[in-house]
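Topology and contacts: notes
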Amino acid sequence: MMRVLFVTSECFPLVKTGGLADVSAALPPALAQLGIDVRVLLPGYPAVLDGLEGRRTARPLSDLPGGGSGRLIAGHLANGVPVYAIDQPELFDRPGNPYLAPGGADWTDNPLRFGTLGWVAAGFAQTTSSHQWRPDLLHGHDWQAGLMPAYVAFQGSPRPATVMTIHNIAYQGQFPPDLLPALHLPAHSFQVDGIEYYGGIGFLKAGLYYADRLTTVSPTYAREVQSADYGCGLEGLLASRTDQFDGILNGVDYGIWNPATDPHLIRPYDPDRLDAKIANKVALQAGFGLAPDPDAPLFALVSRLTWHKGADLLLAALPALLARGGQLVVLGTGDKSLEAALLRVAGSHPRAVGVHIGYDEALAHRIQAGADVLMVPSRAEPCGLTQLYALRYGTVPLVRRTGGLEDTVIDATPAALADGCATGFAFDDPTPGALVWAIRRAIDLFHQRDRWQTIQRRAMTRDFGWDASARAYAGLYQRLISGRQAPSP
Ligand code: ADP
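Residues numbered from 1 in each chain as written. Predicted model: local features only at pLDDT ≥ 70, side-chain atom pairs only at ≥ 80, totals over all residues. Heavy atoms only, no water.

**Quick word on the overall build of the protein**
Scanning the protein for helices and strands turns up 19 helices and 18 strands. Taken over the C-alpha trace, the protein has a radius of gyration of 23 Å; the compact-globule value for 489 residues is 23 Å, and the two agree within 12%. With the C-alpha coordinates of the protein rotated into their principal frame, the extents come out at 65 × 50 × 45 Å. For the protein, the proportion of its 489 residues judged to be buried stands at 59%. (Helix = DSSP H or I, 4+ residues; strand = E, 2+ residues; numbered from the N terminus. Rg over C-alpha atoms; globule rule 2.2 N^0.38 Å. Buried < 20%, exposed > 50% of the residue type's maximum accessible area, 1.4 Å probe, protein only.)

**Describing helix α18 (residues 449-461)**
Compared with an ideal rise of 1.5 Å per residue, which puts 13 residues at 18 Å, α18 spans 18 Å between its outermost C-alpha atoms and is within 8% of the ideal. For α18, the complete set of buried residues consists of Trp452, Gln453, Ile455, Gln456, Ala459 and Met460. Looking down the long axis of α18, one finds its buried residues gathered within 155° of arc, a one-sided arrangement. With respect to the buried face of α18, the exposed residues turned more than 90 degrees away are Asp450 and Thr461. (Expected span 1.5 Å × (residues − 1). Arc of directions from axis to C-beta.)

**Quick notes on the domain arrangement of the protein**
Once the domains are mapped, the protein shows domain 1 (3-251 + 467-482) and domain 2 (274-460). Computed over C-alpha atoms, the centres of domain 1 and domain 2 are 33 Å apart. With 19 residues of domain 1 at the interface, the matching set in domain 2 holds 19 residues. Summed over the shared surface of domain 1 and domain 2, the number is one salt bridge. (Domains from an automatic or database assignment. Contact = heavy atoms within 4.5 Å. Salt bridge = Lys/Arg side-chain N within 4 Å of Asp/Glu carboxyl O.)

**Let's talk about the nonpolar core**
Leu5, Leu31, Leu41, Leu183, Leu208, Leu238 and Tyr477 are the most contacted members of the largest nonpolar core, which has 92 residues in total. If one sorts the elements of this core by residue count, helix α19 (residues 466-485) sits on top with eight residues. If we ignore the near neighbours within four places in the chain, the residues touching Tyr477 are Met2, Val4, Phe6, Leu31, Ile36, Leu137, His139 and Val163. Counting 43 residues, the second-largest nonpolar core is a separate cluster that includes Ala346, Ala352, Phe446 and Trp452. (Core = buried A, V, L, I, M, F, W, Y, C linked by side-chain atoms within 4.5 Å.)

**Quick notes on the sheet that holds strand β2 (residues 37-43)**
An order of β3-β4-β5-β2-β1-β6-β7-β11-β12 is seen for the nine strands of this open sheet, with the pairing classed as mixed. Each edge of the sheet is formed by a strand with only one pairing partner; in this case those strands are β3 (53-61) and β12 (245-247). On average, each strand axis in the sheet is tilted by 25° relative to the strand beside it, whichever way the strands run. When strand β6 (residues 137-141) meets strand β7 (residues 161-166), the two strands line up parallel, connected through five bridges. By the bridge assignment, Leu137 is partnered in β7 with Ala161. Most of the contacts of helix α1 (residues 19-33) go to β2, to which it runs at about 160°, and overall it touches β1 (3-7), β2 and β6. The sheet contacts of helix α5 (residues 147-154) involve β6 and β7, and relative to β7 the element is tilted by about 160°. (Pairing = 2+ DSSP bridges. Axes fitted to C-alpha atoms, helices over the stretch in contact; angles between N-to-C directions.)

Structure (structure tokens):
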């Protein structure tokens, strides 16, 4: 049986700031279904240590980056997936966000915290004890796991295979070079063909340089990040490894995101009971204090509120949306100026705009069920999950044509409508004008009830479950491991 260690800084429901947590929760059980022994390694944040079932100490950890020591805790998630957590209180026993101090700045010791994640991961492969679990392959996610492939590369052989997945290339983990000794990195690694990145230590750069194989979370994003517009400085490295770089779409956990069984909804529904969706809409309007009008097209945004997510584009397009009788609900946190601007519009249009600043899983479900249109106006979107949830909830996605949004939403062009394959709306330019045009198209169709329901039903029956993605990862793992075991020519 193939053994894989998933190295990640987030995993729902223990710790989540974004889509990475959902992927870390859903892909391992989908891989386990295919007969792979997958285990997850996480930093031991308080919520992780508290939330693990069947906790026990697996082994002591010493000489960690920064010189500390700790313990490796073993346990499992409610779904049975085995989890290891790094219990090192000086690094991880802190309240709140995994990356940010209460003031909103990065924790200053993040390089040591996530260097430790990579270091402990690489240590799994070094065990000589037959009692300890030894992975054949380490799969790292995002910059927080970026040093793992570097540490593995500096180990003696035999060493495990390594895969690095980019969930968002905008976050790269770049730190001063004087941390080299504290991070147990050899001096010779500090070069362009190594971990050096614009004069510092690049965590994601290191991962992308040393891992045997690279992936990202949609085919379109895999193409985009090889260009200067999207690569954020790493485009050259990625283009040079294009043959070892795949885009594999994320999936949805339909056990959690299913309008027929969702416990958060006022009333469940499915493609044959679409009328029941209206009860959820009216409840959502009431909850936000909006006019309780089933005929007003209700748009929604559930998102981190950042420039990348295009929250500013939505603000600029909002007057046109309201002028056409639309309503908007927003759930999100992020840039303080965007939060304040959204709250201001809600204050001046209390019957048409509702804004909830904060993180609220249950409300995210109720919005997916109650809204008519789910907006994802991102400037860049590696895969995007909210549009996939929206499709299943018959909440028509309106997206910018980029990354995974382009791969998962079929724009309601006249041809697509005639074909019956349209599932949403897409626009190209990241400008308010292009977004307004898409909003107008959405509102026009919303008022044509039969055509709208055709789009909803088509959207609800598209399958973006994890099975296909898990098979793609399993195939990649298998090829990598058997390639390494083959005798050299
Ligand atoms: P990203 O990972 O870039 O933030 P994704 O679309 O891949 O974007 O994933 C976002 C995930 O976070 C989705 O599961 C979405 O429902 C959730 N989410 C985002 N903001 C909030 C919020 N304020 N409250 C609840 N869930 C949220």
